[in-house]
Amino acid sequence: MNSIKNICLLIAILFSMPLTAQRTFSSLSKEFNTLPKLTLEPGVGIHTNFGTDFLITTLIQWNWLDRLSFASHSSFNINNITQRSFNGIKTRYNYSINQKLGLGTTFYTGGNSHSVLLMAGIKYTSYRETLEDARFEPFGTAIHALSPDYGLMYSHKKIWKKYFFTYRMYVPLYPWPAKGSDLLYLEGNMDNIALEVGLGIRII
Amino acid sequence: MKIFKTLKGMHTAGKAGMIFLLMGSCEKVEFDPALKHEFTIQSAADGSEYRIEVGLPAGYHPGGEKYPSLYILDGEENFDFVSSQCSEISDMLGVQNVVTISIGYGNDRSLDYTPTEVSAETGGGPRFLHFIETQLIPAMEGYFSVDTSRGSRTIMGHSYGGLFGAYAFSVNNRLFGNYILLSPSLWFDDLVSLQFEKQYRTENKDRSQLVFLGIGEAENLGRMQAPFEAFYQTLQSQYPHIKLTKNKEENLGHMGSRNPNIVKGLHYYFQNR
């Protein structure tokens, strides 16, 4: 119940942001018609768990109204790249796929745009570890897990004509507080903060 | 009221943010202080002082019925949560509660909980186990109304604590009859805990024991899952009198899975001991 309240409050924060932005940037809204409406932004990134995950991502953003944006974020993550063999333990494969949809607001300052988006979707993780040591019988185990994926995304674009440089940061809100309020769950959030950079193109 | 006065003067987004943070903050579970005893024991081997906290069941009377005992590693972090859960779960199941015994840090945990020396900060496990066997357990069983049989003693540990529990299982199996091992660091020192299990298997395999193994599904750094599975499957196939189960906590990592696995481990213990 507490988790549901937290999510509701988070949505309230998000939707209070356009009001703040409206006051601050109202003079710029006249320029909306000249700014990108639909963008495609491929990128690469890392997670903050010591940077051992490599992310290949794409954000598609549709700035529907002056202050209302929709987005789709897809990510294929090759996890734990740097340590595939340790003490006789081998990681055969380790990847995850995330797909999220979201909405939020975008505001503009000069040649830059800033979007804050509340995202929700699913994450599929699959990995397999085997024990390969002559002293013991061989053992193996595989995990295939599906989990929710909620969070806040900040996307910054440095616009240059039809193209732009893009930087994104995604802060998950799962497992804390969506799964439970135990602060130890924050470990899962911290490990999955994503930092991404890419080059985008304006489609419309 | 002071909080709401503060909120009144804030911007809408700020207010919502503040409420969000307040609601998200975690209430710390505290075990009933009236049922808690606290003292220190000095290790005869190295002079280290261990802070021991003891949680007694409600209705405990010295000289009355004998209670099973649960020894909790990383006790300074886990004592209140574990003791409170023991009361709740035993009440819910209508079974006898345990005396919880929290072992605080006399040394760095990486020294006390690791069985072999791979650096200056590791390898104190044998000395720590000797301290538990020769000083702590006799003190507890002499002072409190605690059952002195092996089958009534349980050890619980997480991470390096789980590794220490697995070490105790193998090298001194006559000490504890029940093991709650959470995300055990079985990868340590080239899988030395699996070697110990193999080395002492003949002595231990015919004893009755209960083992709960817990881990987080998201512990995917390439070292936790395979030895966990190897240990589980070995116990299952080689120990005919064992009560054994495992739990992989969904979508949680090394720390996040700790408390849910404590709760599940205690449920398994109270239902199957």
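What counts and what doesn't
Residues numbered from 1 in each chain as written. Chains lettered and ligands numbered in written order. Predicted model: local features only at pLDDT ≥ 70, side-chain atom pairs only at ≥ 80, totals over all residues. Helix = DSSP H or I, 4+ residues; strand = E, 2+ residues; numbered from the N terminus. Buried ≥ 20, exposed ≤ 12 C-beta atoms within 10 Å, placed from the backbone. Pairing = 2+ DSSP bridges. Axes fitted to C-alpha atoms, helices over the stretch in contact; angles between N-to-C directions. Contact = placed C-beta atoms within 7 Å. pLDDT = per-residue confidence, 0-100. Expected span 1.5 Å × (residues − 1). Core = buried A, V, L, I, M, F, W, Y, C linked by C-beta atoms within 7 Å. Parallel < 35°, antiparallel > 145°, perpendicular 65-115°, else oblique. Left-handed = near helix turned anticlockwise from the far one by under 90°. Nonpolar A, V, L, I, M, F, W, Y, C, P; charged D, E, K, R; others polar.

Undergrad: Teacher, can you tell me more about the overall build of chain A here?
TA: In terms of helices and strands, chain A carries two helices and nine strands. Residue burial in chain A is summarised as follows: out of 204 residues, 39% are buried.

Undergrad: Whenever I open this one, the sheet that holds strand 4 (residues 99–103) of chain B confuses me. Can you help?
TA: Backbone hydrogen bonds hold the strands of a sheet together, and the pairing may be parallel or antiparallel. All names here are of chain B. One open sheet accounts for eight strands, arranged 1-2-4-3-5-6-7-8; its pairing is mixed. Bordering the open sheet on either side are strand 1 (36–42) and strand 8 (242–249), each of which pairs with just one other strand. Geometrically, the sheet is characterised by an average inter-axis angle of 15 degrees between neighbouring strands, direction not taken into account. Pairing geometry for strand 3 (residues 69–72) and strand 4, over four bridges, is parallel. Following the sheet pairing, Ser69 is matched in strand 4 by Val99. Along the sheet, helix 3 (residues 75–93) makes contact with strand 2 (49–55), strand 3, strand 4 and strand 5 (153–158), crossing strand 4 at roughly 170 degrees.

Undergrad: What am I meant to see in the environment of B:Pro184 here?
TA: Residue and element names in this part refer to chain B. Mapped onto the fold, Pro184 is located in the loop between strand 6 (178–182) and helix 7 (188–199). Its 28 C-beta neighbours within 10 Å are what place Pro184 among the buried residues. Spatially, the C-alpha atom of Pro184 lies 4.8 Å from that of Leu163, the residues being 21 residues apart in sequence. Sequence-distant contacts of Pro184, defined by excluding residues within four places in its chain, comprise Gly162, Leu163, Gly165, Ala166 and Phe228.

Undergrad: Explanation requested: the confidence of the model for chain A in the structure shown.
TA: It should be kept in mind that the predicted coordinates are not to be read in detail where pLDDT is low. Confidence in the prediction of chain A, expressed as mean pLDDT, is 88, and 83% of residues score 70 or more. Predicted confidence is poor over residues 21–27 of chain A, with pLDDT under 50, and the contacts of this stretch with residues over four places away or in other chains come to six contacts.

Undergrad: Help me out: how do you make sense of helix 10 (residues 258–272) of chain B in this one?
TA: All names here are of chain B. Compared with an ideal rise of 1.5 Å per residue, which puts 15 residues at 21 Å, helix 10 spans 21 Å between its outermost C-alpha atoms and is within 8% of the ideal. Looking only at helix 10, the buried set comprises Arg258, Asn259, Pro260, Asn261, Ile262, Gly265, Leu266, Tyr268, Tyr269 and Phe270. Along its buried surface, helix 10 packs onto helix 3, strand 5, strand 6, strand 7 (209–216) and strand 8.

Undergrad: Just to check I follow, could you spell out the pairing of strand 1 (residues 38–47) of chain A for this structure?
TA: Residue and element names in this part refer to chain A. Because side chains alternate across strand 1, one face comprises the buried residues Thr39, Glu41, Gly43, Gly45 and His47, and the other comprises Leu38, Leu40, Pro42, Val44 and Ile46, none of which is buried. Relative to strand 2 (residues 54–65), strand 1 runs antiparallel, the two sharing nine bridges. Note that in strand 2 the partner of Thr39 across the bridge is Gln61. Between strand 1 and strand 2, which pair antiparallel one after the other, the connecting turn spans six residues, and Phe50 there sits at a positive phi close to 70 degrees. Direction of pairing for strand 1 relative to strand 9 (residues 194–202): antiparallel, over a ladder of seven bridges. Residue pairing across strands places His47 opposite Ala194, the latter belonging to strand 9.

Undergrad: Looking at this structure, how should I read the nonpolar core?
TA: Burial of nonpolar side chains together is a common tendency in soluble globular proteins. All names here are of chain B. Core analysis: the largest hydrophobic core is formed by 62 residues, its most contacted members being Ile72, Ile101, Leu163, Leu181, Leu186 and Phe231. For this core, the element with the highest residue contribution is helix 6 (residues 160–171), accounting for seven residues. Those residues in contact with Leu181 that sit more than four places away from it in its chain are Gly157, Gly162, Gly165, Ala166, Val211, Phe212 and Leu213.

Undergrad: Even after reading the chapter, I still don't get the environment of B:Leu181, so can you show me in this structure?
TA: Counting through the fold element by element, B:Leu181 comes out in strand 6. On a C-alpha basis, the gap between B:Leu181 and B:Leu111 in space is 18 Å, while along the polypeptide they are 70 residues apart.

Undergrad: In this structure, what is going on with the environment of B:Val99? I would like to understand it.
TA: Among the secondary structure elements, B:Val99 is positioned in strand 4. In the structure, B:Val99 is positioned 33 residues away from B:Lys66 in sequence and 9.5 Å away in space, judged by C-alpha atoms.

Undergrad: Got a minute to help me understand the packing of helix 3 of chain B against helix 10 of chain B in this structure?
TA: Working note: a packed helix pair is described by the angle between its axes plus the distance between those axes. Residues and elements named next belong to chain B. Closest axis-to-axis distance for the helix 3/helix 10 pair is 10 Å, and the angle between their directions is 40 degrees. Looking at the two axes, helix 3 sits oblique to helix 10. Helix-helix and strand crossings are classified by hand; for helix 3 and helix 10 the assignment is right-handed. Mapping the contact onto sequence places Phe81, Val82, Gln85, Cys86, Ile89, Ser90 and Leu93 in helix 3 and Asn259, Ile262, Val263, Leu266, His267, Phe270 and Gln271 in helix 10. Classifying every residue of the contact of helix 3 with helix 10 by side-chain character gives nine nonpolar, five polar and no charged.

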